[in-house]
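# Reading the structure
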Amino acid sequence: MKTYLVTFLMICVGAFVLSTVHAQQPTPVSNAMIEGIGLEADTTQPAAPTRPDTTQYNVADRPDTVRSLNTPPVAQPALPVSTTSTPARNAPGSRQANTGNVQPVVGTGKISGRLVTPQAGKNQPVEFASIGLFRSRDSSSVTGALTDEKGFFQITNLAPDAYYILIQSLGFAAKWLPRIVVSDDRPIVDLGNIILTETAKQLQEVTVQGQKQAYEYSLDRKIVNVDQLPIAQGGSAIDILQNVPSVTVDVDGTLSLRGSSNVIVLVDGKPSGLTGLDRQAILDQIPASNIERIEMITNPSSRFDADGAAGIINIVLKKERGPGFNGNVQLNVGTRDKYNASINLNSRFKKLNLFSSYNFRADRRFQYRISDRQNIFEDSISYLSQRNDAIRRRVNNNLRFGFDYSLSARDNITASILYRPEYSRDTEVEVFNTQNANRVSLGQTIRTTEETEPERGLDYSFGYRRTFDKQGRELSFDATLSNNRSTEYQNFNNTSNLPENLLAPSFLIGQQRADNGRNNRVAVLQLDFVEPMKDKKKLEAGLKHTYRRLGSDYLFENLINGNWTINPDVTNNFIYNERTSAAYANFGNEIRKFSYQVGLRTEYTSIETDQRTTNVQSQRDYLYLFPSVFLNYNASEAQKMQINYSRRINRPSTWSLNPFIDLSDPLNIRYGNPNLNPELIHSFEISHLLYGKNTTLTSSLFYRQTNNEITSYRTLRPDGITEQTSLNLNRSQNYGLELVLTQDLTRWWKVNGNFSFFQRNIQASADVPGILTRTNRSWTARVTSNMNPRKGTDIQIAANYRSPFIVAQGTINGFFNVDLGVKQSVLKGRGTVSLRVSDIFNTLQFRNESFGTNFVATSRSKRESRIGFIGFSYRLSKQVVREKERDQDRERDETPGENDF
């Protein structure tokens, strides 16, 4: 209780300090303060982090889930077991606080056995189940293993001691084997047949099965299990991310995490053609039905790429891992012509596992944007009012094939290919209304746009993993290649009744057309090695090389006297090449209740841009070091604490570097800045995790300082046209408090709440207008209610709010939305009928205010957000059927015999 009180007081003090900060104008941080917060670390002192932590042990997951190869389980892998569901001593099923504290030992002892389940009067093997071994005296995790295709397992190199075992497998109840003694007199222990009880079974035409929690939390990451989110059924990755704590998504699909949009999105732990091309995820292409879970890591260690100021969001795609043949089919129909369907299949033949999936999406959505700008000049004032209405149609397909193969008990390979054809068609009508100082209309200009874009993408992935006789030693290699080709065809038609002297020169009356051919490629090679050392020490090291090539060939033509003529002022051919080579090393150790990890990553980046139309080339090269420090403290079985620091980088996006002038909106033009410098970020976080009987509370204090912050900057020309480009500011600071609470109100009703408060300070540099120096406080809140009023029925309601927050040249007003999802099991548990309604009250819209030295503007944007989906899914997974008499004799069968446990 004292520890709870101290923790609560720490959180209150932190919140009080944050709420009383005076920030009319941010004050430069002194050298003393920088040293005080640890930017100049004393490398002679032992630094600190922790190894990755999860909240649920999953046999299919490697200890580092973001770098997972998604390889199949093999017999007796030398992998440490990480679990937060370990039973305490003499208390099977209770929570375990020593999660992830793997304690390698060296000895001659061995424990072996075989997992079986009764079926039709015979014992059938249980394949690929997880075996966790723990010390009886302190419940510390020792090691683990997996059963082979015949159900056998063995754990070797054990020192004399008393142990207990926790057995977990999908579809079976967890089993606890108390007090197993390995001694000098009896170094080999054979447990014989161990009988497991199914939790997914057909009994009197009713299927009963367990399920994961929708949200799982640990000190270093948050996990969202997509299948447990009825409010995401039938949607895309965007719909899921709108329900991830601390994440917000605006009308254009831009992600923001704790107030920062500098978020790196990975697919299966790697850059993908879906997300890694222009650093802005094309997340609408990834259907929710193809996603297993989403992991959010706010402060990654040196093992991960240094990209992303706010952290990493990893999208883990589904891949069935069960034995035999498994699968799932799903169909969803939404309001206003929205359809999607998917099928996921898996078949395992001993050492070979084949998996495939196909997803189809056809979607039509409307959106509009209304903006108003006041132009303020010395001798006049005028207004420009705009309205843009658009209908966007998209049809995409995802076809994925892959396999896992166990070359031996120690060697595994995995490979997959993803084919992504897509076709989109958009129609836009934009009306420009020019007004005088009294807001009397002087005339209108109308621009219509018709756009089609066929697109093809191919992603290749290969992975190899080898384990060794030495417990915990592991070597892995990954290679990925993503190709994406598309051509955007645009047709414009401009009409106007404005007087000629008021018509902007760049606004061409008549017809124009444009072709934009894109050819993008991302390739990644990575090698990782893990070496356990004496006295619970651990060393990780690796190499990585990433290559990105993005090409854009833009051809713009005007229709003059019936002939199409190239406009050289707008035509552009731009090539972007980026090469990043990285190396890292992490060292970790455990000392009683403490564990730490220190790491260092170095990245060398070479960027080449080629503006072929104007024959202008540029090259940038830079080398940076990225240290990370993590310190963990297990205060008790119910509490953990972590302090961490990492240095990160945010490289300018391709489009922010491209000097090409974008005239898609002739009165508001955009172009890039090839002289941008990368952002460098120092990120600190203090986290506390508390487990109660019916409550889980995660609290975090965070601080992030960004030097050379990249921001958009907009100016108004004398002819009434705005220009927008990107530039570097001096720095920005984000700091605040985050609380995540999961509470079981009753056996059938759980509530998840997330609250984040942060302050943002933006400081302009000497050569940037002082109006960009700004500050404000903001907060976000999300409450999700999960109800299971009856067996097979899931109801989920989620409410989300974000208060107003600032950008360098404006303010984004607050927004609010409520989503509803319902799932009902049918057909003896094999089928599911779902209903989802997003933004029930149609309140999700985005308003912002912006300003410059001679203008003030407001805008309101809305994308179709109130959408209803009804869906049906059916599991093709093979179920184990029991004889009724076997159910009646289950208690007798589970009584330990001479060779049965």
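Residues numbered from 1 in each chain as written. Predicted model: local features only at pLDDT ≥ 70, side-chain atom pairs only at ≥ 80, totals over all residues. Heavy atoms only, no water.

### Considerations on a nonpolar patch on the surface
On the surface, a cluster of nonpolar side chains totalling about 680 Å² of accessible area is made up of Leu331, Val333, Tyr339, Leu827, Val833, Leu835, Ile870 and Phe872. Of all the secondary-structure elements, those providing two or more residues to the nonpolar patch are β18 (324-334), β45 (831-838) and β48 (867-875). Inspection of the secondary structure assignment puts Leu835 in strand β45. (Patch = residues over 30% accessible without salt bridge, like charges linked within 9 Å, V, L, I, M, F, W, Y side chains within 5 Å. Areas by Shrake-Rupley, 256 points an atom, 1.4 Å probe, with all protein chains shown as cover. Salt bridge = Lys/Arg side-chain N within 4 Å of Asp/Glu carboxyl O. Helix = DSSP H or I, 4+ residues; strand = E, 2+ residues; numbered from the N terminus.)

### Comments concerning the environment of Ile111
Here Ile111 lies in strand β1 (residues 109-119). A relative accessible area of 0% means that Ile111 is categorised as buried. (Buried < 20%, exposed > 50% of the residue type's maximum accessible area, 1.4 Å probe, protein only.)

### Let's talk about the nonpolar core
Counting residues in each nonpolar core, the largest one holds 22 residues, and the members touching the most others are Ile111, Leu115, Ile131, Leu133, Ile165, Ile167 and Leu191. Counting only elements with at least two residues in this core, the list comes to β1, β3 (130-135), β4 (141-146), β5 (152-158), β6 (161-169), β7 (172-182) and β8 (188-195). Among the elements that make up this core, the one with the highest residue count is β7 (four residues). Not counting the four nearest positions on each side in its chain, Ile111 is found in contact with Leu133, Phe153, Gln154, Ile155, Leu158, Ile165, Ile180, Val182, Val189 and Leu191. (Core = buried A, V, L, I, M, F, W, Y, C linked by side-chain atoms within 4.5 Å. Contact = heavy atoms within 4.5 Å.)

### Some remarks on the pairing of strand β26 (residues 510-532)
The sheet contact formed by strand β25 (residues 474-496) and β26 spans 21 bridges and is antiparallel. Bridging across to β26, Ser476 finds its partner in Asp528. Two elements, β26 and strand β27 (residues 538-560), share 21 bridges in a ladder whose sense is antiparallel. What sits directly across from Asn516, in β27, is Tyr554. (Pairing = 2+ DSSP bridges.)

### A word on the sheet that holds β4
Ordered by their spatial adjacency, four strands build an open sheet running β4-β3-β6-β7, and the pairing between neighbours is antiparallel. What marks the edges here is a single partner per strand, and that holds for β4 and β7. Within the sheet, the average angular offset between the axes of one strand and its neighbour, ignoring direction, is 20 degrees. Pairing geometry for β6 and β7, over seven bridges, is antiparallel. By the bridge assignment for β7, Ser169 is matched with Phe172. (Axes fitted to C-alpha atoms, helices over the stretch in contact; angles between N-to-C directions.)

### A short note on the packing of aromatic side chains
In total, this model carries 15 aromatic pairs according to the counting rule given. Aromatic pair Phe755 and Trp779: ring centres 6.0 Å apart, planes at 35 degrees, arrangement tilted. Placement of Phe755 in strand β39 (residues 749-763) and of Trp779 in strand β40 (residues 774-787) is noted, with a sequence separation of 24 residues between them. Among the aromatic residues, ring-to-ring pairing joins Tyr645, Phe684, Tyr703 and Tyr735 into one connected group. One Lys or Arg, Arg387, reaches over the ring of Tyr368 and ends 5.0 Å from the middle of that ring. The ring of Phe805 carries Arg802 above its face, with NZ or CZ at 3.5 Å from the centroid. (Phe/Tyr/Trp six-rings, centres within 6.5 Å; stacked < 30°, edge-to-face > 60°. Lys NZ or Arg CZ within 6 Å of the ring centre and 35° of its normal.)

### So, the confidence of the model for the protein
Low pLDDT means the predicted atomic positions in that stretch should not be read closely. Here the protein averages 77 in pLDDT, and 75% of its residues register 70 or above. Of the regions scoring below 50 in pLDDT, residues 1-105 engages in 286 contacts with residues more than four places distant in sequence or in other chains. In this model residues 879-901 is a low-confidence stretch, pLDDT under 50, and it forms 39 contacts with partners more than four residues away in sequence or in other chains. (pLDDT = per-residue confidence, 0-100.)

### Regarding the pattern of salt bridges
Charged atoms that come close allow side chains of opposite charge to pair. Summed over all chains, the structure comprises 31 salt bridges. Where Arg651 meets Asp307, a salt bridge forms, and the shortest distance between an N and an O atom there is 2.7 Å. Separated by 344 residues along the polypeptide, Arg651 in the loop between β32 (639-650) and α4 (654-657) and Asp307 in the loop between β16 (291-297) and β17 (311-317) bring together distant segments of the chain. In this structure, Arg651 and Asp307 share a single accessibility class: buried. Taking the shortest distance from any N to any O, the salt bridge between Glu531 and Arg473 comes out at 2.7 Å. Taken together, the residues Glu531 in strand β26 and Arg473 in the loop between β24 (441-467) and β25 connect sequence positions 58 residues apart. Given a relative accessible area of 15%, Glu531 falls into the buried group. What emerges from the salt-bridge pattern is a single network uniting Asp305, Asp307, Lys544, Arg601, Glu603 and Arg651.

### Overview of the sheet that holds strand β33 (residues 668-670)
Spatially, β33-β37-β36 is the arrangement adopted by the three strands of the open sheet, whose pairing is mixed. With partners counted over all chains shown, the strands left at the sheet margins are β33 and β36 (710-716), one partner each. Across the sheet, the axes of successive neighbouring strands diverge by a mean angle of 30 degrees, strand direction being ignored. Two elements, β36 and strand β37 (residues 722-728), share seven bridges in a ladder whose sense is antiparallel. Residue pairing in the sheet places Ser712 in a bridge with Ser726 of β37.

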